[in-house]
Amino acid sequence: MRLEPIKNPTLARKLAPPMIALFATIVIASLLAMVAGANPFTVIGLILKGAFGSTFATLETLNRATPLIFTGLAVSVAFRAKFWNIGAEAQLYAGALMTVLLGTGVLPWPSFAILPVIIIAAILAGAVVLLVPALMKTRFGVDEVVTTLLFNFIFLLFISMLLEGVLKDPMGMGWPKSARLIPEARLPRIVDGLRLHWGFGLAIFSAICIWIIQTRSTLGYEMRAVGLNKEAAAFAGIPVNVVIVKTALLSGGLAALAGFSEVAGLKGSLTLDLSPGFGYTGIIVAMLALLNPLGVVVAALFVAGIFVGADSMSRAADVPTYLADIMLATALLLMVLAIMLTRFRVVRE
Amino acid sequence: MTKDAVEALSLNNITKRFGELTANDAVSLSVNVGEVVALLGENGAGKTTLMNVLFGLYTADSGTVRVFSETLPPGNSRAALDAGVGMVHQHFTLADNLTVQENITLGVHSLMKLSLGRAAAKARITALSKKFHLAVSPDARVGTLSVGERQRVEILKALYRDVRVLILDEPTAVLTPQETDDLFATLRLAIKEGLSIIFISHKLHEVMAIADRVVVLRHGKMAGGVDTKDTDKNALAAMMMGTEATPPDVSPAKLGAPLLALRNVTTPDSGSIPILKSVSLELKAGQIVGLAGVSGNGQAAMADVVGGVLNPRDGHVVLGTEIVQKWTPRIAVQSGIARIPEDRHKTGTIADFDLVENAILERYSSKDFSKGGWLNWHKSRAFADRIIDKYDVRCPGSDTPIRLLSGGNMQKLILGRVLEANPQIILANQPVRGLDIGAVNYVHSQLLAARKRGAAVLLISEDLDEVMALSDVIHVISNGRLSPEFKRGEMTPAQLGLWMAGQGFQTDTAHAS
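For every chain, the first residue of its written sequence is number 1, and the numbers climb from 1 along that sequence. Each chain is given a letter, starting from A, and each ligand a number, starting from 1, according to the order in which they appear as written. Local features are withheld for residues below a pLDDT of 70 in this predicted model, meaning they are given only at 70 or higher, and side-chain atom pairs are given and counted only at 80 or more; totals for whole chains, interfaces and linings count all residues.

### Section: the overall build of chain A
Step number 1: Think of it this way: any DSSP run of H or I at least four residues long counts as a helix, any run of E at least two long counts as a strand, and we number them from the N terminus. Along chain A, the regular secondary structure elements total 13 helices and two strands.
Step number 2: Using C-alpha atoms as the atom set, the radius of gyration is obtained and then compared with a globule rule of 2.2 Å times the number of residues to the power 0.38. For chain A, whose C-alpha radius of gyration is 21 Å, the value lies close to the compact-globule estimate of 20 Å for 349 residues.
Step number 3: Here the C-alpha coordinates of chain A stretch approximately 75 × 60 × 35 Å along the principal axes.
Step number 4: Burial analysis of chain A (349 residues in total) assigns 45% to the buried set.
Step number 5: By definition, residues are in contact whenever their C-beta atoms, placed on the basis of the backbone, come within 7 Å of each other. At a minimum sequence separation of 6, the contacts of chain A that also span at least 24 residues come to 76%. Every C-beta atom is placed from the backbone, and the number of other C-beta atoms within 10 Å of a residue's own sets its class: buried at 20 or more, exposed at 12 or fewer, partly exposed in between.

As structure tokens, then:
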């Protein structure tokens, strides 16, 4: 027996993997819920209810999805060009750092200019953080998987140093925490009285922009060409290294927006626990979305829904929240498996 | 052959289908002990499929394989090897970092034995290489050997395993005419020792020279089987192609000014491809310049320099009358150079891109297809559709991924892509490799048409016949050096062969000083 690729998959075959993965994930989660001694239908129902069961729950899920959309986009853009950016976590913190540096009252400009300036500065900060590994790759051939991954730890320690030192809030009662943003530097809420902030709007807008760039612009064309066949791209005259650097700048900037949106939209200050691994989860989001920028939005909502839903399910059904992590992991693995099974057919010799 | 001939191997009524395509249609082939049978056919005629059936890599839909009267179980890739059938592939299967002896003995000796028996193995290899005139040192590292020597290692590898049937797949593609003669001498010795040989080729004069019998495949079917003494080259060509071969029409064209020249170009040594050594070349309007040579003698570097991929370390590229300062693929395209790359799968196209995206690959950033960084898909699609129409690219539509196309149709898209811009200079690097006869004629006619309208063509090919048929002037490339210019008909293949083997060149010391 051997596998033979299906040459021209139909639309149904292309859409099948996420559906199969979703279904199988629910089955496996149900089994685990039974092991934990709970009724699987109750557990799945509680997760759904906890994620989308009320306006409050839904908006909470959207809030949680916001940074994941940004990091998911960052990863999908980079992976599309086969630039393996594992460092969205560091770029996220770079954006967050820039936000508190500029957002705590140092800018002398009128209030309407403050947010745009911070956004641009945050994007630049994330871009610069990823520029270093990108240049090391294009100049010296250093593997970006290693550099971007290790940079996460370096940058987190750097933030920790700042929060224990110069950035430490004098009013913070000794906690390693920055000063709070001034009100003009905060992202307003979309609807008064509800927690959903404009970071979500910015995320959706970014996803649409990236989709347009990838399908319509010469840069998107170059990025796809470099990702699919570097040798042919170079032969055709596409400046491969320039494209990789541009991709890195775009990817780093997107990941930095996650940090900006979390600080300016939700937390109001910078702490070391700003991101529970949004940068890494972004990789899962991007893979679940098959690197499609609009798919990233859907995948981020799915992942955020599982996390938010599992939190509330855990309180009601006494099943550990780790179920959420397991569901994500199985969803990703099953997605990869389902892609293989739908793109290949088994041939019996 | 003789009446008491012993059958060594026979393939009986082999049929193999791939979906719609019948790659082998009731093909039969047998070889007796002490006989050379040539398997002749164009690219895509089904030769490789037949060999894959023999070696159990494919299971035939019907038909049987017999080796020395034993029927081989289908689909077992060890069966043929164990029965004493060995194959020397066109692309060698040697480990560069191991020595000749290690390559030859690899996989023969049990890993469980404590002693490797190196001395005995070495003695045996030396004896074999003496007996069959396969001069190669057992201790040499394969990475340092020439292509001809590597082929000898491959043959030794088969002989070391006591093969009784030896299959050679296009063995002369990488050899000079003189090396080919040496190979044939070795093969004749092998026959005397009682081996049987299947010789796969599409070169008629070689088949006539070495084979006792010829089996001709055409489009997967048996087009005939004859003794070589009862036939001649023209009859074989007719059998192979279905019609008498017509030589391309090379009526004289008007010779114009030089459009592109290389002046004493030496390429940097990156370690990956052989370099050019102080090469000068002129491409004139209305002329096809052929570059003949054994594969891996600097053709890749030459194509890269002309195509803008590689910058000379010393010397200049001259466009018209101007020395080029900055030289990139994009500048080469903008300067009107049409580039047909050697490997259409790896460098010519992007497999997962559709025909539209591949059609604009070289010129997506020009104002024909984009404006201010945004692509104009409408114009791009119209361009791709025009190529599909005009160059007869067979495909379900312009939104088909190009990997679904056959090699010939892929090449037609590349031709259309570069010729639609009315290029003045054409770089054709192995333009017909792997194409069927129809596509070959089409590509050649397009090159000749371009020559007629005043384009300068550089034709790089490892097929000496192709170079001699099309070129107005020929240069031979050998070890990175370029021979003087030879006019059409000035040299015989044998004379060119001497140049290909490196004779006639001035010694390197002149450049070293």
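Now, onward.
### Here's the deal with the packing of helix H2 (residues 40–52) of chain A against helix H12 (residues 293–317) of chain A
All names here are of chain A.
Step number 1: Direction vectors running N to C along H2 and H12 enclose 120 degrees, while the axes themselves pass 7 Å from each other. Between H2 and H12, the interaxial angle falls into the category oblique. In this structure, H2 meets H12 at a crossing whose hand is right-handed. Residues Thr-42, Val-43, Leu-46, Ile-47, Leu-48, Gly-50, Ala-51 and Phe-52 of H2 form the contact with H12, whose participating residues are Gly-305, Ile-306, Val-308, Gly-309, Ala-310, Asp-311, Ser-312, Met-313, Ala-316 and Ala-317.
Step number 2: For the contact of H2 with H12, the class distribution of residues is twelve nonpolar, five polar and one charged. Helix axes are fitted to C-alpha atoms over the stretch in contact, other axes to C-alpha atoms as well, and angles between N-to-C directions run from 0 to 180 degrees. Angle categories: roughly parallel below 35 degrees, roughly antiparallel above 145, roughly perpendicular from 65 to 115, and oblique for all the rest. Should the near helix be turned anticlockwise from the far one by less than a right angle, the crossing is left-handed, and should it be turned clockwise, the crossing is right-handed. We call Asp, Glu, Lys and Arg charged. Ala, Val, Leu, Ile, Met, Phe, Trp, Tyr, Cys and Pro are nonpolar, and the rest, Gly among them, are polar.

### Points about the nonpolar core
Step number 1: Note on terminology: a nonpolar core is any set of buried Ala, Val, Leu, Ile, Met, Phe, Trp, Tyr and Cys residues joined through C-beta atoms within 7 Å. Counting residues in hydrophobic clusters, the biggest one holds 247 residues, and the most contacted among them are Ala300(A), Val303(A), Val457(B) and Leu459(B).
Step number 2: For this core, the element with the most residues is H12(A), which contributes 13 residues.
Step number 3: Discounting residues that sit within four places of it in the chain, Leu459(B) has contacts with Ile288(B), Val289(B), Gly290(B), Leu291(B), Ala428(B), Leu447(B), Val467(B), Leu470(B) and Ser471(B).

### Thoughts on the environment of Asn39(A)
Residues and elements named next belong to chain A.
Step number 1: The residue Asn-39 is located in the loop between helix H1 (11–35) and H2 in this model.
Step number 2: Classification of Asn-39 as partly exposed rests on a count of 13 C-beta atoms within 10 Å.
Step number 3: For the pair Asn-39 and Ala-317, spaced 278 residues apart in sequence, the C-alpha to C-alpha distance is 8.8 Å.

### Observations regarding the sheet that holds strand E11 (residues 258–266) of chain B
Residue and element names in this part refer to chain B.
Step number 1: DSSP calls a pair of strands paired once it identifies at least 2 bridges connecting them. One open sheet accounts for four strands, arranged E12-E11-E14-E15; its pairing is antiparallel. On the outer flanks of this sheet lie strand E12 (279–284) and strand E15 (322–323), each paired with one strand and no other.
Step number 2: Bridge count for strand E14 (residues 314–319) against E15 is two bridges, and the pairing is antiparallel. For Val-318, the partnering residue across the bridge sits in E15 and is Ile-323.

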